[in-house]
Amino acid sequence: MRTASRFFVAAAVAVLPATAMAQAWSDQPVDPAQYEEQTAVAYEEDGRYYNADDVVTFNVAEDGTVDWLTFSGFRRYHSECHVCHGPDGEGSTYAPKIKNSAVHMGYYDFFDVVVNGRQNGNSVMPHFGENKNVMCYLDDIYVYLEARGMDAIARGRPAKKEAKSDAEREREDACMG
């Protein structure tokens, strides 16, 4: 019997490193240099910043002023996502941190999970595809979390923000109805 116990302990210890390596995206640190191209601003249009792949991204000026989407994303995240994922995308006892996930997943996978939801064992991310308070601001939330994951902005409400563009105001009005 002791031999069998030793075998199971040895097997569990052997599996432990493989399990630790298979961390969720939320637990994997972000190396900003690795994602610099994904988050670099290629151009601006109507107050929105885009990378070279035409995907929204954040913009933080040298004086700490954030673009409107990042600021709006902070507000929207804390009204809809904070309850489960904790303040500033840092996670909680209920749901994982998602600031790193936004960077590792990229825009399209992040969008898919929020719209359609996902289940992983007992962990369930509900779908938000019909929630206008999320869907009308999904770009904002993504950009905010991406900036947090890249450590481009600190925890808490950004102190300085760009003004909301007329185009952004029109986009919001059209979406919210």
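Just so you know, these numbers come straight off a predicted model, no measurement behind them. (Residues numbered from 1 in each chain as written. Predicted model: local features only at pLDDT ≥ 70, side-chain atom pairs only at ≥ 80, totals over all residues. Heavy atoms only, no water.)

K.L.:
Explain the pattern of salt bridges here, please?
P.N.:
Where side chains of opposite charge bring their charged atoms close, a pairing between them can arise. Evaluation of the coordinates by the stated rule reveals 10 salt bridges. Between Asp88 and Arg155 there is a salt bridge, and its shortest N-O distance comes to 3.1 Å. Of this pair, Asp88 sits in the loop between helix H4 (82-85) and helix H5 (99-116) while Arg155 sits in the loop between helix H7 (138-149) and helix H8 (166-176); the two residues are 67 residues apart in sequence, bridging distant segments of the chain. Several salt bridges converge on common partners, so that one network encompasses Arg48, Asp139, Glu168 and Arg171. (Salt bridge = Lys/Arg side-chain N within 4 Å of Asp/Glu carboxyl O. Helix = DSSP H or I, 4+ residues; strand = E, 2+ residues; numbered from the N terminus.)

K.L.:
When you look at the side chain of Thr65 in this model, what are you seeing that I'm missing?
P.N.:
Among the secondary structure elements, Thr65 is positioned in the loop between strand S3 (56-57) and helix H3 (68-80). Using a relative accessible area of 16% as the deciding quantity, one classes Thr65 as buried. In this structure the side chain of Thr65 is engaged in a polar contact, spanning 2.8 Å, whose partner is the side chain of Asp63. (Buried < 20%, exposed > 50% of the residue type's maximum accessible area, 1.4 Å probe, protein only. Polar contact = N/O pair within 3.5 Å; in protein donor to acceptor, adjacent residues only side chain to side chain.)

K.L.:
Could you clarify how one ought to interpret the side chain of Ser165 in this entry?
P.N.:
Counting through the fold element by element, Ser165 comes out in the loop between H7 and H8. For Ser165, a relative accessible area of 18% gives the class buried. Not counting residues up to four positions away in its chain, the partners in contact with Ser165 are Asp46 and Gly47. (Contact = heavy atoms within 4.5 Å.)

K.L.:
How should I be thinking about the packing of H3 against H7 in this particular structure?
P.N.:
Pairs of packed helices are described in terms of their axes, by the angle between the two and the distance that separates them. In the contact formed by H3 and H7, the axes pass within 7 Å of each other and the chain directions differ by 100°. In terms of axis orientation, H3 runs roughly perpendicular to H7. Side by side, H3 and H7 meet where Leu69, Thr70, Ser72, Gly73, Phe74, Arg76, Tyr77 and His78 of the first sit next to Asp140, Ile141, Val143, Tyr144, Leu145 and Ala147 of the second. Here the contact of H3 with H7 is composed, by residue class, of 8 nonpolar, 4 polar and 2 charged. (Axes fitted to C-alpha atoms, helices over the stretch in contact; angles between N-to-C directions. Parallel < 35°, antiparallel > 145°, perpendicular 65-115°, else oblique. Nonpolar A, V, L, I, M, F, W, Y, C, P; charged D, E, K, R; others polar.)

K.L.:
How should I be thinking about the nonpolar core in this particular structure?
P.N.:
Across soluble globular proteins, nonpolar side chains show a tendency to be buried alongside one another. Residues Val56, Tyr77, Phe110, Ile141, Tyr142 and Leu145 are the most contacted members of the largest nonpolar core, which totals 30 residues. For this core, the secondary structure elements donating two or more residues are H3, H5 and H7. Looking at which element gives the most residues to this core, the answer is H7, with 7 residues. When sequence neighbours within four positions are dropped, the list of residues in contact with Ile141 reads Gly73, Arg76, Tyr77, Cys81, Phe110 and Val134. (Core = buried A, V, L, I, M, F, W, Y, C linked by side-chain atoms within 4.5 Å.)

K.L.:
Honestly, the sheet that holds S3 in this entry has me stumped. Any pointers?
P.N.:
Strands sit in the order S1-S2-S3 across an open sheet of 3 strands; the sheet is antiparallel. Of all strands in the sheet, those with a lone pairing partner are strand S1 (43-45) and S3, marking the two edges. As defined by bridge partners, S1 adjoins strand S2 (residues 48-50) across 3 bridges and the pair is classed as antiparallel. Within S2, the position partnered with Tyr43 by the bridge is Tyr50. (Pairing = 2+ DSSP bridges.)

K.L.:
What is the right way to read a negative patch on the surface from this model?
P.N.:
On the surface, Glu44, Glu45, Asp46, Asp166, Glu170 and Asp173 cluster together into a patch of negative charge. Breaking the negative patch down by element, the ones donating at least two residues are S1 and H8. By residue number, the principal contributor to the negative patch is H8, which donates 3 residues. Here Asp46 lies in the loop between S1 and S2. (Patch = residues over 30% accessible without salt bridge, like charges linked within 9 Å, V, L, I, M, F, W, Y side chains within 5 Å. Areas by Shrake-Rupley, 256 points an atom, 1.4 Å probe, with all protein chains shown as cover. Lys, Arg positive; Asp, Glu negative; His and termini not counted. Charge placed at Lys NZ, Arg CZ, Asp CG, Glu CD.)

K.L.:
Quick question: what am I supposed to make of the packing of aromatic side chains here?
P.N.:
For any pair of aromatic rings, geometry is given as the distance between the ring centres together with the angle between the planes. Inspection of the entire model under this criterion finds 8 aromatic pairs. Measuring from centroid to centroid gives 5.8 Å for Tyr77 and Tyr144, while their planes differ by 45°, and the two rings are tilted. With Tyr77 in helix H3 and Tyr144 in helix H7, this pair connects stretches of sequence that are 67 residues apart. Owing to a relative accessible area of 0%, Tyr77 belongs among the buried residues under this scheme. Classification of Tyr144 as buried rests on a relative accessible area of 0%. Chaining the aromatic ring pairs together yields one cluster made of Tyr107, Tyr108, Phe110, Phe111 and Tyr142. Against the face of Phe71 rests Lys161, its NZ or CZ located 4.8 Å from the ring centre. (Phe/Tyr/Trp six-rings, centres within 6.5 Å; stacked < 30°, edge-to-face > 60°. Lys NZ or Arg CZ within 6 Å of the ring centre and 35° of its normal.)

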